Amino acid sequence: IFGEDGVIVDAEAGIVFDDEELTPTQKLVYSCLCKYQGGNESCFPSRKTIALSCGISTSTVQRAVNVLVKKGYIVKTNRRRPDGGKTSNDYKCVK
């Protein structure tokens, strides 16, 4: 989605940025997740990592992720450690 210089190179990613119903913060979180995903199938940064990267709170990250999932821009999958405990979610930017 992003080239080496940080410019969007995937035209489909522009759909998110053209969505007038999304807030700038939601677009920022989407951009952050796409950056972490890079050329991989998905990514799994913690909410704290996303919050620090974006300069926002973890609760704001959670709200933004919920909207992005609801609108179909990302897929979020819960992950578990081998002992059954929770760990960071898996995110996939799909638009």
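S.K.: Sorry if this is basic, but what is going on with helix α4 (residues 58-70) here?
M.R.: Between the first and last C-alpha of α4 there are 18 Å, a value that for 13 residues agrees with the 18 Å anticipated at 1.5 Å per step. The complete set of buried residues in α4 reads Thr 60, Val 61, Ala 64, Val 65 and Leu 68. An end-on view of α4 places all buried positions within 135° of arc, on one side of the element. Across from the buried face of α4, at angles greater than 90 degrees, the exposed residues are Arg 63 and Lys 70. Looking at the packing, one finds that the buried side of α4 touches α2 (24-37), α3 (47-54), β1 (74-77) and β2 (90-93). Where α4 ends, the next residue or the one after it, Gly 72, has phi of about 80°, a positive value.

S.K.: Before we go on, may I ask you to explain the pattern of salt bridges in this structure?
M.R.: Should their charged atoms come close, side chains of opposite charge can pair. The full count for this structure, using the stated rule, is four salt bridges. Among the salt bridges present, the one from Glu 41 reaches Lys 92, with a minimum N-O distance of 2.5 Å. Pair noted here: Glu 41 is in the loop between α2 and α3 and Lys 92 is in strand β2, with a separation of 51 residues, a long-range link. A relative accessible area of 55% means that Glu 41 is categorised as exposed. For the salt bridge of Arg 81 with Asp 83, the shortest nitrogen-to-oxygen distance reads 3.7 Å. Using a relative accessible area of 41% as the deciding quantity, one classes Arg 81 as partly exposed. Several salt bridges share partner residues, and in doing so they unite Asp 19, Glu 21 and Lys 71 into one network.

S.K.: Sorry if this is basic, but what is going on with the packing of α3 against α4 here?
M.R.: When two helices pack together, you describe them by how their axes are tilted relative to each other and by the distance separating the axes. Two elements in contact, α3 and α4, have axes whose closest approach is 8 Å; the angle formed by their N-to-C orientations is 100°. Here α3 is positioned roughly perpendicular relative to α4, judged by the angle of their axes. On α4, the residues that touch Arg 47, Lys 48, Ile 50 and Ala 51 of α3 are Thr 58, Val 61 and Gln 62. Of the residues in the contact of α3 with α4, the class split is three nonpolar, two polar and two charged.

Criteria and cut-off values
- Residues numbered from 1 in each chain as written.
- Predicted model: local features only at pLDDT ≥ 70, side-chain atom pairs only at ≥ 80, totals over all residues.
- Heavy atoms only, no water.
- Helix = DSSP H or I, 4+ residues; strand = E, 2+ residues; numbered from the N terminus.
- Expected span 1.5 Å × (residues − 1).
- Buried < 20%, exposed > 50% of the residue type's maximum accessible area, 1.4 Å probe, protein only.
- Arc of directions from axis to C-beta.
- Contact = heavy atoms within 4.5 Å.
- Salt bridge = Lys/Arg side-chain N within 4 Å of Asp/Glu carboxyl O.
- Axes fitted to C-alpha atoms, helices over the stretch in contact; angles between N-to-C directions.
- Parallel < 35°, antiparallel > 145°, perpendicular 65-115°, else oblique.
- Nonpolar A, V, L, I, M, F, W, Y, C, P; charged D, E, K, R; others polar.

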